[in-house]
Amino acid sequence: MTKIKIHPDGPVFDCREGDTILRAALRAGLGMPYSCNVGSCGNCRFELLDGEVLHQRTDAPAWSERDLKRNRWLGCQAAPKSDCTIKFRQDPSTVCRDRPEIRTAELVSITPVTRDINEFTFRIPAQDGFRPGQYALITPPDVEGGRAYSMANLAGDGTWSFMIKRVPGGAATGCLFEQATPGDEMTIDGPYGTAWLRADSERDIVLAAGGSGLSPMVSIARGALAQGMLDNQTLHFFYGARTSSDLFDPEAVLGKELAGKIRFTAALSEAETGWSGPSGLLPNVIAQTMGPALCEQELYFAGPPAMSAAIQKTAYEAGLQMDRMHFDEFF
Ligand SMILES: Cc1cc2nc3c(=O)[nH]c(=O)nc-3n(C[C@H](O)[C@H](O)[C@H](O)COP(=O)(O)OP(=O)(O)OC[C@H]3O[C@@H](n4cnc5c(N)ncnc54)[C@H](O)[C@@H]3O)c2cc1C
Ligand code: FES
């Protein structure tokens with residue numbers, strides 16, 4: 001166990017062996033900026049004033065030689081080797097309502113959702129709280145570094161379900177799709193993420209998911225229904241896929257009641273002849289469908305980085321304020 005002090009007169013928190021500074025800060029109830037938790041976004045960068053740390057992921061894309069020269073490290077990857085003093089701007093908006101915990105969880109079922117997305121459901125021991133839209137880090141056996149996957153269900157029944165898209169040649173998805181079977185145990189660390197459902201907002205809701213971004217949007221839609229938000233608020237659910245073979249049946253995945261209460265739009269970027277729905281890139285379909293009303297929504301989105309950046313740009317150009325756009329960066 002090491003002690004981490006936040007400069008100049010911030011709190012001191014404990015970091016267990018094997019843990020990283022970001023995750024230990026969040027477990028201690030502190031607000032440290034972050035998004036991806038896997039070394040790719042750079043939001044968790046801090047300055048090391050005293051002590052020694054080691055990056056768990058040495059090839060983290062958001063970390064450079066320049067950072068090393070300036071003694072800047074990534075909180076999600078930096079494991080302390082001694083007591084440390086660090087400097088970063090605390091952000092109360094990232095304080096976790098449900099403190100993240102590392103658990104050993106049993107895989108209980110695997111259910112196909114689309115051609116290349118399966119839903120993996122784990123039994124979560126003890127505290128299972130999370131907010132709709134949050135994610136956890138799953139470490140399949142023999143994979144180096146946990147991968148981030150968003151929960152698709154709602155907390156409260158002792159399980160966490162993840163809709164996971166198979167990535168050709170991927171280490172974690174290869175293991176999950178080819179080797180994992182019910183009864184297997186895996187390490188799951190969470191919940192994390194700041195793109196959770198704002199249940200106190202009375203605005204209409206737009207959810208936009210591309211491929212692997214489906215899971216958190218399903219959870220948010222389920223959360224909105226459970227909170228009674230859909231009695232007074234309209235929820236537009238946009239799903240972007242390449243071809244019709246990548247689509248799913250909304251009633252089968254969301255349930256009949258939820259599917260009946262939302263406006264679901266599937267858009268294909270490589271539509272085949274005979275497709276009668278919208279085609280083109282998801283941000284364009286959202287802009288065309290929503291028109292000027294886009295600037296009055298609470299917007300949540302998830303999926304490939306290029307798509308997320310384009311949705312953010314579209315919403316910004318439509319006049320939507322940044323504090324009404326909610327997303328965690330997927331990599
Ligand atoms: C916040 C967030 C939420 C996500 N939610 C979902 C979801 O709900 N469903 C879904 O299908 N996908 C989701 N992803 C993507 C997912 O985490 C993986 O990137 C994807 O499944 C590919 O993993 P892989 O191991 O199969 O592929 P690989 O190509 O083997 O791994 C690529 C990914 O793993 C990361 N990585 C590589 N090495 C390490 C390491 N040592 N330590 C940590 N990370 C490493 C890379 O940054 C890259 O993102 C999410 C990503 C993020 C950041
Ligand atoms: S790089 Fe650490 S949270 Fe993204």
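These numbers were taken from a predicted model, which means no experiment stands behind them. (Residues numbered from 1 in each chain as written. Chains lettered and ligands numbered in written order. Predicted model: local features only at pLDDT ≥ 70, side-chain atom pairs only at ≥ 80, totals over all residues. Heavy atoms only, no water.)

A. Representation of the site of ligand 1 within the structure. If you check the shell around ligand 1, you find 25 residues, and the closest are Arg147, Ala148, Tyr149, Thr173 and Phe331. Between an oxygen atom of ligand 1 and a main-chain N or O atom of Ala171, the distance comes to 2.8 Å. In the complex, 85% of the free accessible area of ligand 1, which totals 950 Å², lies under the protein chains. Here the shell around ligand 1 is composed, by residue class, of 12 nonpolar, eight polar and five charged. When residues are assigned to domains, the shell around ligand 1 turns out to be shared by domain 1 (2-94) and domain 2 (101-192), each giving three or more. (Near = heavy atom within 4 Å. Polar contact = N/O pair within 3.5 Å; in protein donor to acceptor, adjacent residues only side chain to side chain. Areas by Shrake-Rupley, 256 points an atom, 1.4 Å probe, with all protein chains shown as cover. Nonpolar A, V, L, I, M, F, W, Y, C, P; charged D, E, K, R; others polar. Domains from an automatic or database assignment.)

B. Spotlight on the pattern of salt bridges. For the structure shown, the criterion picks out 14 salt bridges. Lys3 is the salt-bridge partner of Asp14, the closest N and O atoms lying 2.6 Å from each other. Of this pair, Asp14 sits in strand S2 (residues 12-15) while Lys3 sits in strand S1 (residues 2-6), and the two are 11 residues apart along the sequence. With relative accessibility at 43%, the residue Lys3 sits in the partly exposed group. Notably, a salt bridge pairs Arg166 with Glu178, separated by 2.2 Å at the nearest N-O pair. Residue Arg166 is found in the loop between strand S12 (159-165) and helix H3 (171-178), and its partner Glu178 is found in helix H3; the two are separated by 12 residues along the sequence. (Salt bridge = Lys/Arg side-chain N within 4 Å of Asp/Glu carboxyl O. Helix = DSSP H or I, 4+ residues; strand = E, 2+ residues; numbered from the N terminus. Buried < 20%, exposed > 50% of the residue type's maximum accessible area, 1.4 Å probe, protein only.)

C. Layout of the domain arrangement of the protein. Examined at the domain level, the protein breaks down into domain 1 (2-94), domain 2 (101-192) and domain 3 (205-326). Between the C-alpha centres of domain 1 and domain 3 there is a distance of 34 Å.

D. Examining the packing of aromatic side chains more closely. By the definition in use, this model includes 10 aromatic pairs. Judged by centre distance (5.5 Å) and plane angle (80°), the ring pair of Phe130 and Trp160 falls under edge-to-face. Placement of Phe130 in the loop between strand S9 (117-123) and strand S10 (135-139) and of Trp160 in strand S12 is noted, with a sequence separation of 30 residues between them. An identical accessibility class is assigned to Phe130 and Trp160; each is buried. Ring centres of Phe301 and Phe327 lie 4.7 Å apart, and the angle between their planes is 15°; this geometry places the pair in the stacked category. Here Phe301, found in strand S17 (residues 298-302), pairs with Phe327, found in the segment after strand S18 (325-326); they are 26 residues apart in sequence, far enough to count as distant. Assigned by exposure class, Phe301 and Phe327 land together as buried. Here the aromatic cluster, defined as three or more aromatic residues joined through ring pairs, consists of Phe237, Tyr239, Phe248 and Phe264. Between Arg131 and the ring centre of Trp196, over which it is positioned, the NZ or CZ distance is 3.7 Å. (Phe/Tyr/Trp six-rings, centres within 6.5 Å; stacked < 30°, edge-to-face > 60°. Lys NZ or Arg CZ within 6 Å of the ring centre and 35° of its normal.)

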